[in-house]
Amino acid sequence: MNYSINDLISILDLKPHPEGGFFKETYRSKGEIDESSLENGYEGKRNYSTCIYFLLTSENFSAFHRIRQDEIWHFYYGSPINLHIISESGRYINHAIGIDIKKGEVPQFIVPGGSWFAAEVVNQNSHSLIGCTVSPGFSFEDFELKSRDELISLFPDKKEIISRLTHF
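Keep in mind that what you see is a predicted model, and the values were worked out from it rather than measured.

What counts as what
- Residues numbered from 1 in each chain as written.
- Predicted model: local features only at pLDDT ≥ 70, side-chain atom pairs only at ≥ 80, totals over all residues.
- Heavy atoms only, no water.
- Helix = DSSP H or I, 4+ residues; strand = E, 2+ residues; numbered from the N terminus.
- Contact = heavy atoms within 4.5 Å.
- Areas by Shrake-Rupley, 256 points an atom, 1.4 Å probe, with all protein chains shown as cover.
- Core = buried A, V, L, I, M, F, W, Y, C linked by side-chain atoms within 4.5 Å.
- Buried < 20%, exposed > 50% of the residue type's maximum accessible area, 1.4 Å probe, protein only.
- Salt bridge = Lys/Arg side-chain N within 4 Å of Asp/Glu carboxyl O.

## Examining the overall build of the protein chain
Counting secondary structure elements, the protein chain contains three helices and 13 strands. The contacts in the protein chain between residues at least 6 apart in sequence include a share of 73% that link residues at least 24 apart. Surface summary for the protein chain: the accessible area is close to 9200 Å², and the carbon and sulfur share equals 49%.

Structure below.
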């Protein structure tokens, strides 16, 4: 099986994502959680869970962003991904998401809610298809994408990685 970027975009009906790459929501639970049952900071209801397909290419990246919820990344196809995480306290970690577990890659990884994270395809001239599951369900109200300068002011010792994986 060998799928081109255009094959995956067309077959899976993917659209551009604000942080980079392409996506399609594949699941949004019918059930909802009332605001009173959510942690502080949420406004309004959230679905129990949501899932998306997410496609990255070696020509783009997922820029540093964060959401309130934990986000589970599932590897499906293509090149491994480097997932860069900066915790709220400023601790930096890089995780390899892929299927070669003997090389330390993992096919699934959980990004803790509130962490800043970015992703990039490891191999040149390649692409990666992954899935992301969020619970409580994703809402753009919980999404934050800061500028390069804003993130560097928060984490000046991470200037190099932030500069490389932000769009503006």
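## Notes on the nonpolar core
Ranked by internal contacts, the top residues of the largest apolar core, which has 16 residues, are F54, W73, I81, L83, V111 and I130. Counting only elements with at least two residues in this core, the list comes to β5 (50–57), β7 (70–78), β8 (81–86), β10 (108–111), β11 (116–121) and β12 (127–135). Setting aside its immediate chain neighbours within four residues, L83 contacts W73, I93, N94, H95, I97, F109, V111, F117, A118 and A119. Membership of the second largest hydrophobic core comes to twelve residues, among which are A63, F64, L151 and L165.

## Section: the pattern of salt bridges
Under the criterion given, the structure shown has twelve salt bridges. Linking D34 and K45 is a salt bridge whose minimum nitrogen-to-oxygen distance equals 4.0 Å. Here D34 is found in the loop between β3 (32–33) and β4 (46–47), whereas its partner K45 is found in the loop between β3 and β4, with eleven residues between them in sequence. Its relative accessible area of 41% is what places D34 among the partly exposed residues. Notably, a salt bridge pairs R46 with E141, separated by 3.2 Å at the nearest N-O pair. Within this pair, whereas R46 is found in strand β4, its partner E141 is found in the loop between β12 and β13 (143–144), the two being separated by 95 residues in sequence. Look at E141 and you get exposed, because its relative accessible area is 58%. Several salt bridges converge on common partners, so that one network encompasses R46, R68, E141 and D142.

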